[in-house]
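Chain by chain, the residues:
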Amino acid sequence: TMGDLHNDGPDKVTVENVEKAAERLAGHARETPVLTCGTLDALAGRKLFFKSENLQKSGSFKFRGAFNAISRLITSANQNPPPVVTHSSGNHACALALAAHQLGVTAHVVMPSTAPQCKKETVRGYGGNVIECVPTEQARVETMERIAQQEGAVYISSSQHPDVISGQGTMALELLRQVPDLDTVITPVGGGGMLAGVSLVMKALNPHIRVYGAEPELANDAATSLAQGKRCPLSYYPETIADGLRINMGPVAWPYIQEHVDDIICVTEDEIKNAMTLIWQRMKLVVEPSGVLGLAAVLSDSFKAREQEAKNVAIILSGGNLDLLKLPELLSL
Amino acid sequence: MMASAGKSYCISFQHIRAALPTITPFVTKTPVMTSSHLNQLANRNLFFKCENLQKTGSFKFRGACNAVSKVVASNQNQTANELSVVTHSSGNHAQAVSLAAKVQGVTAHIVMPTNSPAVKKEAVRSYGGQIVECEPTEQSRVDTADQVAKKTGATMVHPNQSPDVIAGQATMVFEILDQVEKVDAIVVPVGGGGMLAGISIAAKELCPHAKVYAAEPKNADDCAVSFTRKELTPLPAPPITICDALKTSIGPNTWPIIRDHVEDVITVTEEQIKAAMRLVWERMKLIIEPSSAVGVAAVLSDKFQSLPAASHQNVVVILCGGNVDLDNLPWM
């Protein structure tokens, strides 16, 4: 079939896949630093270790999954890879464009006409070919399928492919090296690629480590799914300032999350803004709203009530791509 | 040999070497970060020393820690909580001294003008500093600080002319040389010159082939003018620049070191500074204040670009601080 890299890789992602992904990423993706902040430790009542993926290539962790997936595509196509295609207005668009450029592969990125100009320019700046469409889910998918057909391009999903999940899982391997006595990890959850990859690695290598997802209350499909024991996607596209987390947790990520994640903590829009303000003012890092969910969750009453034991908590700051002109709306000053 | 032709400076390399173990228990060893995009723009290998990530949000914490430690060490017959320091500053130095004192159990009196922004007063208080208000004039600041010193026995910690402060700032050079394999040049923003002078002395000893460049707002170019005239020439009036941390002029302690060690002073316009600040925020995802952007703007400037690439390939840029008012950003 045209499309997805479904049958080209393993059906179930294992730690071995993630370790191989780490080898492919070495020298290309950054091993991002883990940063700390005394003030935030005091607020949280524990030691916090911030894995700074806002400092990753292309400005978010998505570079890992994109690079790993394209690398595998090149290998499986005997070094003669087809172009790649995706639809995204966000971090995956930038990540895919940059990874493809670095690997010498053509990238077509379908973006809604309403996507921020700076993101379209970033994708073009990374060598990606931007195809605009009207801003509906249907138009994105149809346009993408048309391009895939036309160009013989392979679709690389932002979160629902094993090679993408393996790529995201490499953050867990780094955290295990970078944070001694790690007992808890928390990541934002949108499509679930990061949470799936990170949770499977943590539980495989150290099952005592507790793994949490953090989600906006307004987009709480993953939390509902975990509570119900079955995937419950929202039927509408939710509004939240955490724009990277509006999509539903997908069917490929779900089984990993169901098996490995201890809980998903939901936070309000105000809690997200408060966490943004703390990170920008106290840590001097540019992190987008989706990226601060982990901190918002750790500071929430429900986390504090649930996790009295956690002493060394790793929080993944997933990305820093946002329109600076919108900043006043995103902070609680 | 630090002194030349009979001149001696307010500090020597020994001061700096002694400062390192003194402040190490307190300060963060900040990361050095790189950016492919900025390397392309500058056509150099740039290494950004992230002092915006230092405790209290600027490199000033280093000098403050050293100065406070010296006060404690020189008063062994008193316990820390009987000791105090005083300074007049509303900016990064105020916050730095407040926290440096707090972590060593010493009281910090911070003399601040009544019209200081609330956010700055709040920051000082949050770090444990005790604010003493004064009128918004230079004379009142100095007089009030003197009064506090007399009344409390507090030791004055000058933001940039104190030898202990200068030696403290210089400790970042040890870290840089651990973190960056080859250093051809170091670009340092300059206000009062404490960091510039300290780095100059340390670099001369530890990496003598590296050239030290000062970066300064054109609108506050006392260092550039002094350098050209070979004579200390402070600003005639308070300057107008968004680099609120660089408004002071270099002084009698820092000038001779700068005069004799710095390779050149590069001045940049307000527009260049704003553009560089936005570039770092957007591409490096680091929050830096305008004073930090001065170094970035300098390295992208025509003047720096015209320096021979071969001998200026690996350039360290000090991102000196990240205390910026999020309500009041230059591009909004």
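If you're wondering where the values come from, they're calculated on a predicted model, not measured in any experiment. (Residues numbered from 1 in each chain as written. Chains lettered and ligands numbered in written order. Predicted model: local features only at pLDDT ≥ 70, side-chain atom pairs only at ≥ 80, totals over all residues. Heavy atoms only, no water.)

> Explain helix H6 (residues 137-151) of chain A here, please?
Structural remark: α-helix, 3.6 residues per turn; residues separated by three or four positions point the same way. Residues and elements named next belong to chain A. Helix length check: H6 (15 residues) gives 21 Å between terminal C-alpha atoms against 21 Å at 1.5 Å per residue, within 8%. Listed in full, the buried residues belonging to H6 are Ala139, Arg140, Thr143, Met144, Ile147 and Ala148. Mapping the buried residues of H6 onto a view down its axis gives an arc of 165°, with all of them on the same face. Turned more than 90 degrees away from the buried face of H6 sit Gln138 and Gln149, all of them exposed. Against strand S3 (84-87), strand S4 (107-112), strand S5 (129-133) and strand S6 (154-155) lie the buried residues of H6. Two residues or fewer after H6 comes Gly152, characterised by a positive phi angle close to 65°. (Helix = DSSP H or I, 4+ residues; strand = E, 2+ residues; numbered from the N terminus. Expected span 1.5 Å × (residues − 1). Buried < 20%, exposed > 50% of the residue type's maximum accessible area, 1.4 Å probe, protein only. Arc of directions from axis to C-beta. Contact = heavy atoms within 4.5 Å.)

> What should I look at first to understand the interface of chain A and chain B in this one?
The extent of an interface is frequently quoted as the accessible surface area lost upon association of the parts. Contacts between chain A and chain B engage 23 residues on the former and 25 residues on the latter. Note on chain A versus chain B: buried area summed over both sides is about 1800 Å², and carbon and sulfur give 64% of it. At the surface where chain A touches chain B, the tally comes to 0 salt bridges. Inspection of the region where chain A meets chain B yields 9 residue pairs in polar contact (both at pLDDT 80 or more). Here the side of chain A that touches chain B gets 4 residues from one element, more than from any other, and that element is helix H11 (residues 269-283) of chain A. Residues that form the side of chain A that touches chain B fall into these classes: 14 nonpolar, 5 polar and 4 charged. (Buried area = accessible area lost by both parts, 1.4 Å probe. Salt bridge = Lys/Arg side-chain N within 4 Å of Asp/Glu carboxyl O. Polar contact = N/O pair within 3.5 Å; in protein donor to acceptor, adjacent residues only side chain to side chain. Nonpolar A, V, L, I, M, F, W, Y, C, P; charged D, E, K, R; others polar.)

> It is not clear to me how helix H6 (residues 138-152) of chain B should be interpreted in this structure. Could you clarify?
All names here are of chain B. Here H6 contains 15 residues, and its C-alpha end-to-end distance of 21 Å stays within 8% of the 21 Å for a straight helix at 1.5 Å per residue. Every buried residue of H6 is accounted for by Ser140, Thr144, Ala145, Val148 and Ala149. One side of H6 carries all its buried residues, which in axial view fall inside an arc of 165°. The outward face of H6, more than 90 degrees from its buried face, is lined by the exposed residues Glu138, Gln139, Gln147 and Lys150. The positive-phi residue at the C-terminal boundary of H6 is Gly153, with phi of around 75°.

> Can you help me understand the confidence of the model for chain A in this one?
Any segment with low pLDDT has predicted coordinates that should not be analysed in fine detail. Taken as a whole, chain A shows an average pLDDT of 94; of its residues, 97% reach a score of 70 or greater. Considering only residues more than four positions removed or in separate chains, one finds that residues 1-9 of chain A, a stretch of pLDDT under 50, has 19 contacts. (pLDDT = per-residue confidence, 0-100.)

> Even after reading the chapter, I still don't get the side chain of Thr233 of chain B, so can you show me in this structure?
Residues and elements named next belong to chain B. One can find Thr233 in the loop between helix H10 (222-229) and helix H11 (254-261). Separated by 2.7 Å, the side chains of Thr233 and Arg229 make a polar contact. Reaching out from Thr233, the side chain makes a polar contact with the backbone oxygen of Glu231 at a distance of 2.7 Å. Beyond its immediate sequence surroundings of up to four residues, Thr233 is in contact with Asp222, Val225 and Ser226.

> What exactly am I supposed to notice about the pattern of salt bridges here?
Residues and elements named next belong to chain A. Inspection of the entire model under this criterion finds 25 salt bridges over all chains. Linking Glu132 and Arg124 is a salt bridge whose minimum nitrogen-to-oxygen distance equals 4.0 Å. Judged by its relative accessible area of 42%, Arg124 is partly exposed.

> Would you mind showing me how to read the sheet that holds strand S7 (residues 185-189) of chain B here?
Within a sheet, neighbouring strands are paired by backbone hydrogen bonds and run either parallel or antiparallel to one another. Residue and element names in this part refer to chain B. Across the sheet, 6 strands lie side by side as S1-S2-S10-S7-S8-S9; this open sheet has mixed pairing. Across the chains shown, the open sheet's two edge strands, defined by having one partner strand only, are strand S1 (32-33) and strand S9 (264-268). Bridge analysis of S7 against strand S10 (residues 314-319) gives 3 bridges, and the strand direction is parallel. What sits directly across from Ile186, in S10, is Val316. (Pairing = 2+ DSSP bridges.)

> Help me out: how do you make sense of the confidence of the model for chain B in this one?
Residues and elements named next belong to chain B. This prediction gives chain B a mean pLDDT of 95; 98% of its residues lie at or above 70. The model gives residues 1-6 a pLDDT under 50, and that stretch makes 10 contacts with residues more than four places away or in other chains. In the predicted assembly, ipTM is 0.93 and pTM is 0.94.

> Would you take a moment to explain the nonpolar core for this structure?
In terms of nonpolar packing, the biggest core is built from 79 residues, with Trp280 and Leu295 of chain A together with Trp281 of chain B touching the most fellow members. When near neighbours in sequence (up to four residues on either side) are disregarded, Leu295 of chain A contacts Leu40, Leu48, Phe50, Ala275, Leu278, Ile279 and Ile315 of chain A. In this structure, Phe47, Ala170, Ile258 and Cys320 of chain B belong to the second largest nonpolar core, which totals 42 residues. (Core = buried A, V, L, I, M, F, W, Y, C linked by side-chain atoms within 4.5 Å.)

> Which parts of the structure should I look at to understand the sheet that holds S6 of chain A?
Residues and elements named next belong to chain A. The 4 strands are arranged S5-S4-S3-S6 in an open sheet whose pairing can be described as parallel. Both edges of this open sheet fall to S5 and S6, since each of them pairs with a single strand only. Sheet topology note: the S3/S4 ladder contains 4 bridges and is parallel. Note on S4: the bridge partner recorded for His87 is Val110.

> It is not clear to me how the packing of helix H3 (residues 60-74) of chain B against helix H4 (residues 92-103) of chain B should be interpreted in this structure. Could you clarify?
A packed helix pair is summarised by two numbers, namely the angle formed by the two axes and the spacing between the axes. Residues and elements named next belong to chain B. Running from amino to carboxyl end, H3 crosses H4 at an angle of 45°, the nearest separation of the two axes being 8 Å. By the angle between their axes, H3 is oblique relative to H4. For the element pair H3 and H4, the recorded crossing hand is right-handed. Across the interface between the two elements, Lys60, Phe61, Ala64, Cys65 and Val68 from H3 touch Asn92, His93, Ala96, Val97, Leu99, Ala100 and Ala101 from H4. Counted by class, the contact of H3 with H4 contains 9 nonpolar, 2 polar and 1 charged residues. (Axes fitted to C-alpha atoms, helices over the stretch in contact; angles between N-to-C directions. Parallel < 35°, antiparallel > 145°, perpendicular 65-115°, else oblique. Left-handed = near helix turned anticlockwise from the far one by under 90°.)

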